[in-house]
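Listed below are the residues making up each chain.
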Amino acid sequence: MTVELIDNFLQFLFTMAAGIWTGILFYRNGKQAYLLLTCFYATFSLGMFHWTLNILLFSYTPQVFYVSELAWIASFMFLLTLGYTLSTPDERKFQHPAVWLVPIICLPQMILYIIHGDILFNLIICGLTMVQGWYSVRGFFYAGMQSGRQRNMQYFHTAVLCIILLEYCLWTLSCFWISETLTNPYFWVDFLLTAALFALLPAMRKAVEA
Amino acid sequence: MTYIENIFVCIAAPLLVATISMGKKYYSIFMFCIAGMGTCLLSAYINSFFAGVYNADLINATTQIAPVVEEIMKLLPLLFYLLVLEPKPGEIKNAMIIVAAGFATFENICCLTQSGAEQLSFLLIRGFGTGAMHIVCGAIAGYGLMYVWQRSWLKVPGTFGLLCASITYHAVYNLLIAHGSTSRYIAYGLPILTLAAGMTAHRMMKALPHYERGDSSLRSE
């Protein structure tokens, strides 16, 4: 069993477990945020399952079209919708100069990915993550200005920003592939991403309680 | 060579006559069934076209091209229904499942004409496996659309998300089938298990008091 397979399988297991857990939370209290988070985890884990299965059964990545990427685009779309749902009208009007850091960091990365890979997929996924990053940076500073339980929204935004940052690190590292062993930092970042994805659930629970 | 358009005409003709005879009440059921078969016919052409464009072999075509084309095609009649006729939420789910059933039926008929009908056991497994897979994909989209089309801000991301989910599910099924051996039997059982799990979850959700509430604002809670 290769490191890649173990890494992917772990990510699939963790996101599926988080999805089941969120589904149970939605079943218990019917909050829409939990449903959207369930959809995020479900589509992410489905994409990961397809990818892992492809490597496990055929020992190579898809040759014509990456179906898993569609599932990952869907998952980020659900995450973006969740971020929008959790924001208040006041938060949407709030402006902070730090939000400009998101396109400054992400746009050069996007150009790099387009040079190394598929144009359409990278445009969509980077566009989605940039908008999500923009919302999260704004939400993070807005929540910092609030008092009491409203401040707990910072946990959610921190978790989302961690996921986006790790995703970008991962995509950048995939452009400079070293090896399929643990000497490749790609796998370490992917392990961190698995942890960050799982940490999103307790972070959102804190936010929903706010 | 299989003349699938001739098969389509042969199957759609009595259904069309039945539609006219049965009256307005049953129009939608027959029309969605014919639409499902029609999308299956068109999918076959589009699949062949893309397989030719990308120079894909049989495994790549069935695992990477067919799920995308077929799920998009299945959604098109429903999108037309949603945008033009603005149906009630309950009608969306039924329409999608009938389209999926029509699609699966026509696909099975084409499979029968190509590979013969001698082995009943294989046809039973294939019929229930592939048939159930199309119904599961239809149910993912149908039940999901029933929910997301009630919320204007969720329509676009929700529809796209559901389409991607059904494509990936279909691709996982085709991947297992394409691999053969034991994976094939796992694939045939997968949709039945998913259907059973989905139906159980649906019954459990229905019993909850907040199921029909549809709360849209988190902050107000």
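Our subject is the structure listed above.
Keep in mind that what you see is a predicted model, and the values were worked out from it rather than measured. (Residues numbered from 1 in each chain as written. Chains lettered and ligands numbered in written order. Predicted model: local features only at pLDDT ≥ 70, side-chain atom pairs only at ≥ 80, totals over all residues.)

1. Let's talk about the overall build of chain A
Looking only at helices and strands, one finds 8 helices and 0 strands in chain A. Of the regular secondary structure in chain A, the N- to C-terminal order runs α-α-α-α-α-α-α-α. For chain A, whose C-alpha radius of gyration is 17 Å, the value lies close to the compact-globule estimate of 17 Å for 210 residues. Taken over the C-alpha atoms alone, chain A extends approximately 50 × 40 × 30 Å along its principal axes. Sorting the 210 residues of chain A into buried and exposed places 44% on the buried side. A sequence separation of at least 24 residues applies to 75% of the contacts in chain A between residues at least 6 apart. (Helix = DSSP H or I, 4+ residues; strand = E, 2+ residues; numbered from the N terminus. Rg over C-alpha atoms; globule rule 2.2 N^0.38 Å. Buried ≥ 20, exposed ≤ 12 C-beta atoms within 10 Å, placed from the backbone. Contact = placed C-beta atoms within 7 Å.)

2. Things to note about the overall build of chain B
Helix and strand content of chain B: 7 helices and 0 strands. Order of helices (α) and strands (β) in chain B, N terminus to C terminus: α-α-α-α-α-α-α. Against the compact-globule benchmark of 17 Å for 221 residues, chain B has a radius of gyration of 18 Å, which places it among compact chains. In terms of overall dimensions, chain B has C-alpha extents of about 60 × 45 × 35 Å along its principal axes. Here the analysis covers contacts within chain B between residues at least 6 apart in sequence; of these, 70% occur between residues at least 24 apart.

3. Looking at the packing of helix α1 (residues 3-29) of chain A against helix α2 (residues 32-58) of chain A
All names here are of chain A. Between α1 and α2, the least distance of the axes is 8 Å, while the angle of their chain directions is 155°. When the interaxial angle is binned, α1 and α2 end up roughly antiparallel. As for how α1 packs across α2, the hand of that crossing is left-handed. A per-class count over the contact of α1 with α2 returns 18 nonpolar, 9 polar and 1 charged. (Axes fitted to C-alpha atoms, helices over the stretch in contact; angles between N-to-C directions. Parallel < 35°, antiparallel > 145°, perpendicular 65-115°, else oblique. Left-handed = near helix turned anticlockwise from the far one by under 90°. Nonpolar A, V, L, I, M, F, W, Y, C, P; charged D, E, K, R; others polar.)

4. Side note on unusual backbone geometry
Positive phi outside glycine occurs at N55(B), with the angle close to 55°. Mapped onto the fold, N55(B) is located in the loop between α2 (27-53) and α3 (58-85).

5. Describing the interface of chain A and chain B
The interface is formed by 32 residues belonging to chain A together with 32 residues belonging to chain B. Of all elements in the fold, only α2 and α3 (67-86) of chain A reach the threshold of two or more residues within the side of chain A that touches chain B. When residues in the side of chain A that touches chain B are grouped by element, the largest group, 12 residues, is from α3(A). By residue class, the composition of the side of chain A that touches chain B is 20 nonpolar, 11 polar and 1 charged.

6. A word on the packing of α2(A) against α3(A)
Residues and elements named next belong to chain A. At a minimum axis separation of 8 Å, α2 and α3 run at an interaxial angle of 165°. Overall, the two elements α2 and α3 adopt an arrangement that is roughly antiparallel. In this structure, α2 crosses over α3, and the sense of that crossing is left-handed. Residues Q32, A33, L36, L37, C39, F40, T43, F44, L46, G47, H50 and W51 of α2 lie in contact with α3, whose contacting residues are V67, S68, A71, W72, A74, S75, F78, L79, T81, L82, T85 and L86. For the contact of α2 with α3, the class distribution of residues is 16 nonpolar, 8 polar and no charged.

7. A word on the environment of M146(B)
All names here are of chain B. Looking at the secondary structure, you find M146 in helix α5 (residues 120-148). Sequence separation between M146 and G90 is 56 residues, and the spatial gap between their C-alpha atoms is 6.8 Å. Ignoring sequence-local partners within four residues, the contact set of M146 consists of P89, I92 and K93.

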